[in-house]
Amino acid sequence: MPFFRKKIYACAGFNTVSLGTGRKEFHPKKPRPGIEHYIKEAGLGAINQIESPEAIDEGVIGNFIAARFCKQGNLGGFFPMVHPTFQYKPCIRVEGACDSGGLALVTSIKTILADLADVVLCIGVEVQNSVKAIYGADYLAAAGWFAGERKKGHAYFFPDQFSQRAGACFEKFGQERVRAGMTQWYVNAIENARKNPKAQEYHNKNQDLYSTGMTPPNPKVFCEHINVFDCSKVSDGGSALIFASEEGLKKIGVEKKDAVEVIAYAQVQDNLTTPPPDLTKLTTCSIAAQRAYERAGIKPADLSVLEVHDCFTIAGLLAIEAAGFAEYGEGADFVKDGNTKADGVIPTNPTGGLIGYGHPTGATGVRQAVDVVHQLSGKAGDCQVTIDPNRPYGMLSSMGGNDKTVVAMIFRKV
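Residues numbered from 1 in each chain as written. Predicted model: local features only at pLDDT ≥ 70, side-chain atom pairs only at ≥ 80, totals over all residues. Heavy atoms only, no water.

If you look the protein up in an unreviewed UniProt entry, it shows as 3-ketoacyl-CoA thiolase from candidate division WOR-3 bacterium.

Now the structure itself:
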């Protein structure tokens, strides 16, 4: 029995350039586009792929923390900028830290399932290069329990949270073994990003990525167990994706062959005021993936492509285990052996992921969905991986906080 009471489709995905350090056009002291620019660019990128944008019923905008980075709230008010027919239509902004985009996907789908809309334009957006990194790290600490954790936490709060996870994995599974897996994750991310013209690491010319990845961390300038290149990027960007019912596809003039079906999702919430039950596992991500598989009626081996939330290289390894592709403690070896490369057992983050493409936090979940839809519909350009007709599924896992707010969503090639 299908998980959804009616069919839901996704189409017309669009990602902006992920702007920040590494892009040739980025200069920290020169004026850059504001958050309203990215909402409009992403929205136009999506609606320009359909015949009838006036048929879009509602908008959903995922964003984490524009009120601090941009001093801007009420983001739904930018929705009518995208198209004149959006004036006076509903639009809401949703927030779940770095999973804000994932929650935007879920909200869009729920609206259609509730028969309140046939077509929803889902946009994710974030602008973070408005302040120095050390201040931005403090803003992003709001993804954790600020009142209970921030005061005693590291200056680079979230990098340290995942540095502690890396340290716990070093102790339990062996530092050399886990470090090699983290390094291979970094190498894969940059090599994939070099094929994606919109990726923040597209211009990366480093000839020896592996040596860079194996550089010992310096706790005096950053964190104890990870380097800066183990972290996702500080990014400005936006992504957009259109969700529609069968009737909605007809209204906007999109044929099913140009869309991808959404089969199931799971949204799982952990308690923000309690520490992770085990630093060597992404427990919430694992629960979300298992529920999504059960609701879709498939297993990990049925996927041809996977998008995971690699906010840090160690998170990438743990996410592979959480998605069911490696046993507990085996993620590092699975990655090191090439199984997550574009031609591997499960092509993972083939456009670069958060480390290669970038991490405009509120946009990331939507960006992941756009990339899965592009892969399943054969529109991923130089990043395209093989979609096995016997494995016509793709899954994303989007995470907010330290494994606190998670959305896993499964799509199927039509």
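The structure having been displayed, the exposition proceeds.
Asker: Which parts of the structure should I look at to understand the sheet that holds strand 3 (residues 91–94)?
Answerer: Sheet strands pair via backbone hydrogen bonds, and the direction of the pair is either parallel or antiparallel. The strand order 3-2-4-5-1-6-9-8-7 describes an open sheet built from nine strands, whose pairing is mixed. Each edge of the open sheet carries a strand with a single partner, namely strand 3 and strand 7 (303–307). Pairs of neighbouring strands in the sheet enclose a mean axial angle of 25°, with direction left out of account. Bridge analysis of strand 4 (residues 119–126) against strand 5 (residues 237–244) gives eight bridges, and the strand direction is antiparallel. (Pairing = 2+ DSSP bridges. Helix = DSSP H or I, 4+ residues; strand = E, 2+ residues; numbered from the N terminus. Axes fitted to C-alpha atoms, helices over the stretch in contact; angles between N-to-C directions.)

Asker: What am I meant to see in the side chain of His-83 here?
Answerer: Note that His-83 resides in the loop between helix 3 (79–82) and strand 3. Other than its neighbours up to four places away in sequence, His-83 contacts Ile-47 and Pro-53. (Contact = heavy atoms within 4.5 Å.)

Asker: What exactly am I supposed to notice about the packing of helix 8 (residues 175–193) against helix 12 (residues 313–322) here?
Answerer: When two helices pack together, their arrangement is captured by the angle between the axes and the distance separating the axes. At their nearest, the axes of helix 8 and helix 12 sit 8 Å apart, and the two run at 100° to each other. Taken together, the axes of helix 8 and helix 12 are roughly perpendicular relative to one another. Residues Val-178, Gly-181, Met-182, Trp-185 and Tyr-186 of helix 8 pack against Thr-313, Ile-314, Gly-316, Leu-317 and Ile-320 of helix 12. For the contact of helix 8 with helix 12, the residue count by class is seven nonpolar, three polar and no charged. (Parallel < 35°, antiparallel > 145°, perpendicular 65-115°, else oblique. Nonpolar A, V, L, I, M, F, W, Y, C, P; charged D, E, K, R; others polar.)

Asker: Would you mind showing me how to read the packing of aromatic side chains here?
Answerer: The geometry of two aromatic rings is summed up by the distance between their centres and the angle between their planes. In the structure shown here, the tally under the stated rule is 10 aromatic pairs. With 5.3 Å between their ring centres and 45° between their planes, Tyr-186 and Phe-229 make a pair best called tilted. Of this pair, Tyr-186 sits in helix 8 while Phe-229 sits in the loop between helix 9 (209–213) and strand 5; the two residues are 43 residues apart in sequence, bridging distant segments of the chain. For the pair Tyr-186 and Phe-229, one class covers both residues: buried. Members of the aromatic cluster, each reached through a chain of ring pairs, are Phe-3, Phe-4 and Tyr-265. A cation over a ring is seen here: Lys-198 above Phe-14, with NZ or CZ 3.9 Å from the ring centre. (Phe/Tyr/Trp six-rings, centres within 6.5 Å; stacked < 30°, edge-to-face > 60°. Buried < 20%, exposed > 50% of the residue type's maximum accessible area, 1.4 Å probe, protein only. Lys NZ or Arg CZ within 6 Å of the ring centre and 35° of its normal.)

Asker: Would you mind showing me how to read the nonpolar core here?
Answerer: When a protein is soluble and globular, its nonpolar side chains tend to lie buried together. Within the largest apolar cluster, 66 residues are counted, with the highest numbers of intra-cluster contacts made by Tyr-293, Leu-303, Leu-306, Ile-314, Phe-325 and Ile-410. The contact partners of Leu-306, leaving out residues within four places of it in the chain, are Ile-320, Ala-323, Phe-325, Ile-346, Pro-347, Thr-348, Asn-349, Pro-350 and Met-395. With 34 residues, the next largest nonpolar core counts Tyr-9, Ala-55, Val-119 and Ala-240 among its residues. (Core = buried A, V, L, I, M, F, W, Y, C linked by side-chain atoms within 4.5 Å.)

Asker: What should I look at first to understand helix 1 (residues 35–47) in this one?
Answerer: Residues lying three or four places apart along an α-helix face the same way, a consequence of the helix completing one turn every 3.6 residues. The end-to-end C-alpha distance of helix 1 is 19 Å, a good match for the 18 Å that 13 residues give at a rise of 1.5 Å each. Those residues of helix 1 that fall on the buried side of the exposure criterion are Ile-35, Tyr-38, Ile-39, Ala-42, Gly-43, Gly-45, Ala-46 and Ile-47. (Expected span 1.5 Å × (residues − 1).)

Asker: Quick question: what am I supposed to make of the pairing of strand 2 (residues 58–62) here?
Answerer: Residues in a regular strand project their side chains so that they alternate between the two faces of the sheet. Along strand 2, five of the five residues are buried, which leaves the element largely enclosed by surrounding structure. The side-chain alternation of strand 2 yields two buried faces, one formed by Glu-58, Val-60 and Gly-62 and the other by Gly-59 and Ile-61. The pairing of strand 2 with strand 4 spans five bridges and is classified as parallel. By the bridge assignment for strand 4, Gly-62 is matched with Gly-124. Relative to strand 3, strand 2 is paired through four bridges, and the arrangement is parallel. Counterpart to Val-60 in the pairing with strand 3 is Ile-92.

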